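The primary structure of each chain is shown beneath.
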Amino acid sequence: NSDVYLPVANDDWTLRAKLDITGRSTPSGDNHQFFIALSDNSGVSGTYTTAGDYVGFGDRVGTGTNGYRIFASNDGGNWWDNIQQFSRSATTETLYVEMKRVGGTTFSVELFDDSAYSNSLEVQTMTIDSALEFNHLTIFLYQGNGTGGDYSGTVDDLTLNALVEQGIHQVVYPQGYSAPSY
């Protein structure tokens, strides 16, 4: 799990990342959950249960509702309080994920199958509170109380245009991470 402090504007930004899912199988008794999120606090990297404001993209395999999902919590909720499922079936594959905030109140996640981000597979959009501020990037893998199963892969080529505009051209991960594996 990685959490990085990032000063992100609260109106318009675009985050892109290559997601290579190499293992995805159900554990016994519970679930595996993976997500990339921007939040207003770093609590999500500890127990994943800290209340706050979050937007992101994730995947779940196991008990409950499985598959790719977009999520947004408004005004101090938990990250799972407001989830929309993608219709695309989740599987082991390479996806190019684009998360956007537009005009302060629109959050979208679009999935592509190419590094040029030109061949769209699906897009989901949510309305968020314009007052939400995000300053933590988190890449997180969670396994519930079950055992076994697998969720593995890498996140590469992560860019956030709001940082480039501030003269920051590379995200520096803590603890020597360069391309988090999960």
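These lines cover the structure that appears in this document, whether it is placed above or below. It should be emphasised that the depicted structure is a prediction, and the values quoted were computed from it without experimental measurement.

Here we look at the sheet that holds strand 2 (residues 13–25)
Sheet strands associate in pairs through backbone hydrogen bonding, adopting either a parallel or an antiparallel arrangement.
Then comes step 1: Reading across from one edge, 9-8-7-2-11 is the order of the 5 strands in this open sheet, with antiparallel pairing throughout. Edge positions in the open sheet fall to strand 9 (120–127) and strand 11 (150–160), since each of these has one partner strand only. Across the sheet, the axes of successive neighbouring strands diverge by a mean angle of 20°, strand direction being ignored.
Then comes step 2: Bridge analysis of strand 7 (residues 94–102) against strand 8 (residues 106–112) gives 7 bridges, and the strand direction is antiparallel. When the bridges of strand 8 are listed, Lys100 appears paired with Ser108.

Digging into the side chain of Ser108
Then comes step 1: Take Ser108: it is sitting in strand 8.
Then comes step 2: Look past the residues within four positions of Ser108 in its chain and what remains in contact with it is Ile70, Glu98, Met99, Lys100, Val123, Gln124 and Thr125.

As for the environment of Arg69
Then comes step 1: Tracing the backbone through its elements, the reader meets Arg69 in strand 5 (residues 67–73).
Then comes step 2: For Arg69, a relative accessible area of 5% translates into the label buried.
Then comes step 3: For Arg69 and Val109, which are 40 residues apart along the polypeptide, the C-alpha to C-alpha distance reads 8.9 Å.
Then comes step 4: Excluding its chain neighbours within four sequence positions, the residues that come into contact with Arg69 are Gln33, Gly56, Phe57, Gly58, Asp59, Arg60, Ile83, Gln84, Gln85 and Phe86.
Then comes step 5: A polar contact is formed between the side chain of Arg69 and the side chain of Gln85, at a distance of 3.2 Å.

Rules behind the numbers
- Residues numbered from 1 in each chain as written.
- Predicted model: local features only at pLDDT ≥ 70, side-chain atom pairs only at ≥ 80, totals over all residues.
- Heavy atoms only, no water.
- Pairing = 2+ DSSP bridges.
- Helix = DSSP H or I, 4+ residues; strand = E, 2+ residues; numbered from the N terminus.
- Axes fitted to C-alpha atoms, helices over the stretch in contact; angles between N-to-C directions.
- Contact = heavy atoms within 4.5 Å.
- Buried < 20%, exposed > 50% of the residue type's maximum accessible area, 1.4 Å probe, protein only.
- Polar contact = N/O pair within 3.5 Å; in protein donor to acceptor, adjacent residues only side chain to side chain.

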